[in-house]
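# Secondary and tertiary structure notes
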Amino acid sequence: MSLSKQRRYQPYVPDFLSLCERNYAQLRHLLPRSGQVGDAVQIQVSAADKYLLKLQELCKFTSTIRIEHISEPLFSEQVVSWLRPQFEVRLYHDARLAEVVACQQVRQFKAVYDYPNTDMLLPDEKRQINLLLRDWLNLCRAQGLCSAVVLL
């Protein structure tokens, strides 16, 4: 089939909302308990890998958190800072949804991207980064959250 005859990607909204609901359900167990902006939790998923989950914004119906890899670099700092996983996630408490709003250097994802594009983002990039968050949350659960330390 030629590229010109392929069907354009159409997001399936119920599937995306279900993904965001599952991510919310898992994330709420990892949030800092005190609920103050700036509070953070350190999550160690293996002997070498630690993540910092920090509450960046707290509003009546939403919260924004940042999740970033904070383990010691194995390579030069310049390379590692670009490769370290970083998510910014908005939690919608009234709808019980969690959506990735930024990942690495990309912010404000569109529902659908034309492909190919100059940034080489996938047609379903928004769904893919939320699947990446799901995979990270599954890793945390599978590892049993080796430790979670509250940082004030």
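Residues numbered from 1 in each chain as written. Predicted model: local features only at pLDDT ≥ 70, side-chain atom pairs only at ≥ 80, totals over all residues. Heavy atoms only, no water.

Our focus in this paragraph is the overall build of the protein. The helix and strand inventory of the protein stands at 3 helices and 7 strands. Reading the helices (α) and strands (β) of the protein from amino to carboxyl end gives α-β-β-β-α-β-β-β-α-β. When each of the 152 residues of the protein is scored for burial, the buried share is 36%. Once local pairs closer than 6 in sequence are excluded, the contacts in the protein between residues at least 24 apart make up 46%. Split by element, the accessible area of the protein, about 9,700 Å² in all, is 55% carbon and sulfur. (Helix = DSSP H or I, 4+ residues; strand = E, 2+ residues; numbered from the N terminus. Buried < 20%, exposed > 50% of the residue type's maximum accessible area, 1.4 Å probe, protein only. Contact = heavy atoms within 4.5 Å. Areas by Shrake-Rupley, 256 points an atom, 1.4 Å probe, with all protein chains shown as cover.)

Enumeration according to the criterion identifies 1 aromatic pair in this entry. With 5.3 Å between their ring centres and 70° between their planes, Tyr51 and Trp136 make a pair best called edge-to-face. Separated by 85 residues along the polypeptide, Tyr51 in strand S2 (residues 50–58) and Trp136 in helix H3 (residues 125–142) bring together distant segments of the chain. (Phe/Tyr/Trp six-rings, centres within 6.5 Å; stacked < 30°, edge-to-face > 60°.)

Among the nonpolar cores identified, the biggest contains 24 residues, and Leu27, Ile65, Ile67, Val89, Leu133 and Trp136 are the most heavily contacted of them. Counting residues per element, the ones that place at least two in this core are helix H1 (13–27), strand S1 (40–44), S2, strand S3 (62–69), strand S4 (86–92), strand S5 (97–103) and H3. Looking at which element gives the most residues to this core, the answer is H3, with 5 residues. Residues contacting Ile65, with those up to four places away along its chain left out, are Leu27, Leu31, Leu53, Lys54, Leu55, Gln56, Phe87, Glu88, Val89 and Leu91. (Core = buried A, V, L, I, M, F, W, Y, C linked by side-chain atoms within 4.5 Å.)

Mean pLDDT over the protein stands at 80; residues scoring 70 or higher make up 76%. Here strand S7 (residues 147–151) is the element of the protein with the lowest mean pLDDT, 56, and S3 is the one with the highest, 94. (pLDDT = per-residue confidence, 0-100.)

The next point concerns the pattern of salt bridges. Taken as a whole, this structure holds 4 salt bridges when the rule is applied. One salt bridge connects Arg127 with Asp15, and the closest N-O pair in it is separated by 3.1 Å. Separated by 112 residues along the polypeptide, Arg127 in helix H3 and Asp15 in helix H1 bring together distant segments of the chain. Its relative accessible area of 30% is what places Asp15 among the partly exposed residues. Between Glu68 and Arg66 there is a salt bridge, and its shortest N-O distance comes to 3.5 Å. (Salt bridge = Lys/Arg side-chain N within 4 Å of Asp/Glu carboxyl O.)

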